[in-house]
Amino acid sequence: MAVSVIIGGQWGDEGKGKIVDLLSQKADIVARYQGGPNAGHTVVINGKEIILHQIPSGILWPHTNCVIGNGVVIDPRVFLEEVAFLKDQGVEIDDRLLISDRAHLILPYHRCLDTASEESQGSKKIGTTGRGIGPAYMDKVGRFGLRVCDLLDEQHLRTKITDILARHNKVLESIYNCHPIQAEDIVEQCLAFAQSIRDHITDASVYLNQAINDGKEILLEGAQGTMLDVDFGTYPFVTSSNPTAGGACIGTGLGPNRLDHIIGIVKAYTTRVGMGPLPTEFDAKFSEHIRQLGGEFGATTGRPRRCGWFDAVVVNNAVRVNGLTSLVITKLDVLDTLEEIKICTAYEYNGMVFEHYPADLKVQLGARPILEKHPGWLTSTTDIKSWENLPHNTKSYLNRLSELTGVKIGLVSVGPDRNQTIVVP
Ligand code: IMP
């Protein structure tokens, strides 16, 4: 039995939801370890699309237990909406969902601060999802955030919320010209939330470590991707958590020696939403073409995603900082109609060649991708079920991705459905 981590190898939206769903079939437990409702994990079952923001996508298999780890930030409103949505879809949660007592909460003041801060930045904004993610993690590292365990003592909860709002209301009123938020409204929301989740709260680290000792199969589900990691991404155009493998340990309470497989999910090309560098970005017309072919619109905000060629510098960054043990290539079919496909192998900036992703934002923004060309395969791959039946040019393209990254490709996804997945021998 093993612990596998599913990690986005680019800027998020790599199709992790589908792969987690697929691998959950054999998992006893699926745990989320960072991020919050900024994530939108899409699963398509029998043609029906389900998008989950807070609850691990493993919940769609009746035998799987799900955990929201301490590294996640939970928005009670989104969480309760998602529980109701799943119930409507006939998914029974019962006692299959556990929530870490150490996870932090996203409350309405975080969303106000997120939106107000973005608006105040004008053209320098990050392009966040507006879900309050940054402000909630700022409270956490500022050491005054509200945690799930705080919900269980009403007196303590009331005092804590009053103290937190004394800080935030000053900022909302005097810097952002917003209305102050009433403590009692937040207390009421928190108490209602506490009532609904009381039986699900646990020490998730104890639970997960015991599960490993008992020989359970565990999947750790990352949100966003390596290039949005606050340490290894395109800072400051990143999210406020660590989607990378180290974050999986921190966000669950598992030691590094507990992780067996670190699986990187990458698209056969590249996308990102929001602002910031994207060295292999297409021109506007070709970007729109691929966006339409790939349905590249954000699952959480509906924003159009920016598109570009596969960038081996980006994926090699993910291979290195995560210690990826295998790759899953998704959305290969989106390239089916292209006559020529390019791969970025390095960057050029001011006469210098960069093989490793540079830290300096100026270099990231000015980097010119060095591209190699590959012939397309001009055949639909969406109904192909085995590696042997893939066109010769498709196999050459995939073999080249594996060669450039030095990591074996385990699965290739050629469509959104569970059965549109090819196992690579
Ligand atoms: P935040 O996480 O809402 O603070 O947004 C910070 C950056 O991360 C923005 O560029 C977002 O577009 C991006 N981002 C956050 N979550 C996701 C995701 O799940 N997929 C892709 N991009 C994301």
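The shown structure was predicted, so the numbers you read here are calculated from the model rather than taken from an experiment.

Re the domain arrangement of the protein
So, point 1. Here the protein is described as being made up of domain 1 (3-100 + 208-262), domain 2 (104-196) and domain 3 (266-423).
So, point 2. A straight line from the C-alpha centre of domain 2 to that of domain 3 covers 37 Å.
So, point 3. Contacts between the two partners involve six residues from domain 2 and, on the opposite side, five residues from domain 3.
So, point 4. Contact between domain 2 and domain 3 buries roughly 410 Å² in total, counting both sides, with carbon and sulfur atoms accounting for 51%.
So, point 5. When the buried area of domain 2 at its contact with domain 3 is split by residue, Gly127, Thr129 and Arg131 rank highest and sum to 63% of it.
So, point 6. Here domain 2 is connected to domain 3 by zero salt bridges.
So, point 7. At the surface where domain 2 touches domain 3, the tally comes to three residue pairs in polar contact (both at pLDDT 80 or more).
So, point 8. Its residues assigned to classes, the side of domain 2 that touches domain 3 comprises one nonpolar, three polar and two charged.

Topic: the layout of surface pockets
So, point 1. Of the pockets and cavities examined, the second largest pocket occupies roughly 300 Å³.
So, point 2. Together, Ala2, Ser4, Leu22, Leu23, Gln25, Lys26, Ala27, Glu217, Ile218, Leu219, His261 and Ile263 line the second largest pocket.
So, point 3. When residues of the lining of the second largest pocket are traced back to their parent elements, those giving at least two are helix H1 (16-24), strand E10 (218-221) and strand E11 (261-267).
So, point 4. The residue inventory of the lining of the second largest pocket, partitioned by class, reads seven nonpolar, three polar and two charged.

Looking at the site of the ligand
So, point 1. The environment of the ligand is formed by 16 residues, the closest being Asp13, Asn38, Thr129, Thr239 and Arg303.
So, point 2. Separating a nitrogen atom of the ligand from a side-chain N or O atom of Gln224 is a distance of 3.2 Å.
So, point 3. Taking Thr239, its side chain carries an N or O atom lying 2.6 Å from an oxygen atom of the ligand.
So, point 4. Protein contact buries 96% of the 470 Å² of open area that the ligand shows by itself.
So, point 5. Of the residues that constitute the shell around the ligand, the class distribution is seven nonpolar, seven polar and two charged.

Here we look at the packing of aromatic side chains
So, point 1. Counted under the stated rule, the structure contains six aromatic pairs.
So, point 2. Taking 5.8 Å as the distance between ring centres and 85 degrees as the angle between the ring planes, the aromatic pair formed by Tyr347 and Tyr357 counts as edge-to-face. Remark: Tyr357 occurs in the loop between strand E17 (352-354) and helix H11 (361-366) and Tyr347 occurs in strand E16 (residues 340-349); sequence separation between them is ten residues. Like Tyr357, Tyr347 is buried.
So, point 3. Three or more aromatic residues joined by ring pairs form one cluster here, namely Phe282, Phe286 and Trp309.
So, point 4. Positioned above the aromatic ring of Phe144, the side-chain terminus of Arg167 is 3.8 Å from the ring centre.

Thoughts on helix H10 (residues 312-322)
So, point 1. Among the eleven residues that make up H10, eight are buried, leaving the element largely enclosed by the rest of the structure.
So, point 2. Those residues of H10 that fall on the buried side of the exposure criterion are Ala312, Val313, Val314, Val315, Asn317, Ala318, Val319 and Asn322.
So, point 3. For H10, the N-terminal cap is Asp311; the gap from its side-chain oxygen to the backbone nitrogen of Val313 is 2.9 Å.
So, point 4. Backbone geometry just after H10 places Gly323 at a positive phi near 65 degrees.

A word on the pairing of strand E15 (residues 326-330)
So, point 1. In terms of burial, E15 is largely enclosed, as five of its five residues are buried.
So, point 2. The side-chain alternation of E15 yields two buried faces, one formed by Ser326, Val328 and Thr330 and the other by Leu327 and Ile329.
So, point 3. With five bridges joining them, E11 and E15 adopt parallel strand pairing. Directly across from Ile265, in E15, lies its bridge partner Val328.
So, point 4. Here three bridges tie E15 to strand E19 (residues 409-413), and the two strands are oriented parallel to one another. Bridging from a neighbouring strand, Leu327 pairs with Ile409 of E19.

Thoughts on the packing of helix H5 (residues 154-175) against helix H6 (residues 183-197)
So, point 1. Two elements in contact, H5 and H6, have axes whose closest approach is 9 Å; the angle formed by their N-to-C orientations is 135 degrees. With respect to their mutual orientation, H5 and H6 come out oblique. Viewed along their axes, H5 and H6 form a crossing whose handedness is right-handed. Residues Glu154, Leu157, Arg158, Ile161, Thr162 and Leu165 of H5 lie in contact with H6, whose contacting residues are Ala183, Glu184, Ile186, Val187, Cys190 and Leu191.
So, point 2. Of the residues assigned to the contact of H5 with H6, the class counts are eight nonpolar, one polar and three charged.

Here is what the cut-offs are and how they apply
- Residues numbered from 1 in each chain as written.
- Predicted model: local features only at pLDDT ≥ 70, side-chain atom pairs only at ≥ 80, totals over all residues.
- Heavy atoms only, no water.
- Domains from an automatic or database assignment.
- Contact = heavy atoms within 4.5 Å.
- Buried area = accessible area lost by both parts, 1.4 Å probe.
- Salt bridge = Lys/Arg side-chain N within 4 Å of Asp/Glu carboxyl O.
- Polar contact = N/O pair within 3.5 Å; in protein donor to acceptor, adjacent residues only side chain to side chain.
- Nonpolar A, V, L, I, M, F, W, Y, C, P; charged D, E, K, R; others polar.
- 1 Å grid on protein atoms, 1.4 Å probe; cavity = no way out; pocket = protein on both sides within 12 Å on 5 of 7 lines; lining within 4 Å.
- Points joined across faces, edges and corners; volume = space filled by probe spheres on them.
- Helix = DSSP H or I, 4+ residues; strand = E, 2+ residues; numbered from the N terminus.
- Near = heavy atom within 4 Å.
- Areas by Shrake-Rupley, 256 points an atom, 1.4 Å probe, with all protein chains shown as cover.
- Phe/Tyr/Trp six-rings, centres within 6.5 Å; stacked < 30°, edge-to-face > 60°.
- Buried < 20%, exposed > 50% of the residue type's maximum accessible area, 1.4 Å probe, protein only.
- Lys NZ or Arg CZ within 6 Å of the ring centre and 35° of its normal.
- Pairing = 2+ DSSP bridges.
- Axes fitted to C-alpha atoms, helices over the stretch in contact; angles between N-to-C directions.
- Parallel < 35°, antiparallel > 145°, perpendicular 65-115°, else oblique.
- Left-handed = near helix turned anticlockwise from the far one by under 90°.

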